[in-house]
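# What the coordinates show
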Amino acid sequence: MTVYQLVLIYFGILLLLLFVYRIVEPAYMMIFHKPLYIHFYLFPKKLTPNQKQILNKEFSFYRRLSPKKKIYYEHRVATFIKQYQFIGKEEILVTDEMKIIIAATYVSLTFGMRHYLVNLFNKIIIFPSAYFSAINQAYHKGEFNPIMKAVAFSWEDFVIGHQTTNDNINLGLHEFSHILHFYGLRSNDPSAILFYDQYNKVITYYDDEALNKKLSEQGYFREYAYENRFEFIAVILEHFFETPQIFKMKYPDLYQDICLMINYNENNLKDL
């Protein structure tokens, strides 16, 4: 085979891929409300047996996955840890277990999305407990700072949120939801487009005065949800993952909108 023929084949493949991404996938997304594919890794990264043991112990989401999906999940956790810098503050030692738990929290939230690694942050700052912020002269448990490209956590509060799974307060999910929110509004990849489409439906529950008042009076979502749009999305995603059955029973339409927003299917994680 000549070099000319190889070049023609190469460009033919590129044109085919371009056709799929520009024509086929948008049509598929309109019909099925999800990307054409989610997971494709030629050489998935591996975790150590000890790291996989941490996942199995700490995350019911991971335990519910099929063996094939567990490989995808592990790859995403390993890739997340390699992608982002972990910084310990006030002499806190960042352990491998801490990295795994933080990464897996993010991966669980974004597992239904193809583009899960975002450039909105590049470092994770971990404090031992609530920390003082010179910016607003207040103590914080966690925050996402898009200007500094950083997400910060009080490890004490992160652990409480992670281990207490029925109070709808999860610091890790909350702060990572802010990042997902920014990503969904600013990016134009397939997962972000689907997020934004459903987000416009979800946010009506906040923007519509009557719906907002009704939600507030019913008391399922804590009052912090009504601070602004970003807190509303973060709080309802905490509820979505911590008490899904109650959420689904109380607000089935809103629940379904969120499922579509992050491409999540609670009845069949194997098909994500």
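Residues numbered from 1 in each chain as written. Predicted model: local features only at pLDDT ≥ 70, side-chain atom pairs only at ≥ 80, totals over all residues. Heavy atoms only, no water.

## Details of the packing of helix H5 (residues 96-110) against helix H6 (residues 155-163)
At a minimum axis separation of 12 Å, H5 and H6 run at an interaxial angle of 60°. With respect to each other, H5 and H6 are oriented oblique. The two elements H5 and H6 meet at a crossing, and its hand is left-handed. Two secondary-structure elements touch here, H5 through Met98, Ile101, Ile102 and Thr105 and H6 through Trp155, Phe158 and His162. (Axes fitted to C-alpha atoms, helices over the stretch in contact; angles between N-to-C directions. Helix = DSSP H or I, 4+ residues; strand = E, 2+ residues; numbered from the N terminus. Parallel < 35°, antiparallel > 145°, perpendicular 65-115°, else oblique. Left-handed = near helix turned anticlockwise from the far one by under 90°. Contact = heavy atoms within 4.5 Å.)

## Details of the pairing of strand S2 (residues 123-127)
Along S2, five of the five residues are buried, which leaves the element largely enclosed by surrounding structure. On S2, burial covers both faces: Lys123, Ile125 and Phe127 on one face and Ile124 and Ile126 on the other are all buried. Pairing between strand S1 (residues 85-88) and S2: four bridges, direction parallel. Bridging across to S2, glycine 88 finds its partner in isoleucine 126. After leaving S1, the chain enters H5 and then returns to the sheet as S2, a path that is left-handed. As paired strands, S2 and strand S6 (residues 150-154) are joined by five bridges and run parallel to one another. Bridge pairing in S6 places isoleucine 125 opposite alanine 152. (Buried < 20%, exposed > 50% of the residue type's maximum accessible area, 1.4 Å probe, protein only. Pairing = 2+ DSSP bridges. Right-handed = clockwise from strand over helix to strand, strands pointing away.)

## So, the sheet that holds strand S5 (residues 142-145)
Judged by pairing direction, the sheet is mixed, and its four strands sit side by side in the order S1-S2-S6-S5 without closing on themselves. The open sheet has two edge strands, S1 and S5, and neither has a second partner. Within the sheet, the average angular offset between the axes of one strand and its neighbour, ignoring direction, is 15°. Against the sheet, helix H7 (residues 171-186) touches S5 and S6, its axis set at about 165° to S6.

## Examining unusual backbone geometry
With the exception of glycine, the majority of residues adopt a negative phi angle, and the majority of peptide bonds are in the trans configuration. Here the phi dihedral of glutamate 91 falls at roughly 65°; this positive angle occurs in a residue that is not glycine. Mapped onto the elements, glutamate 91 comes out in the loop between S1 and H5. Of note, the phi angle at lysine 149 is positive, near 55°, even though the residue is not glycine. Take lysine 149: it is sitting in the loop between S5 and S6.

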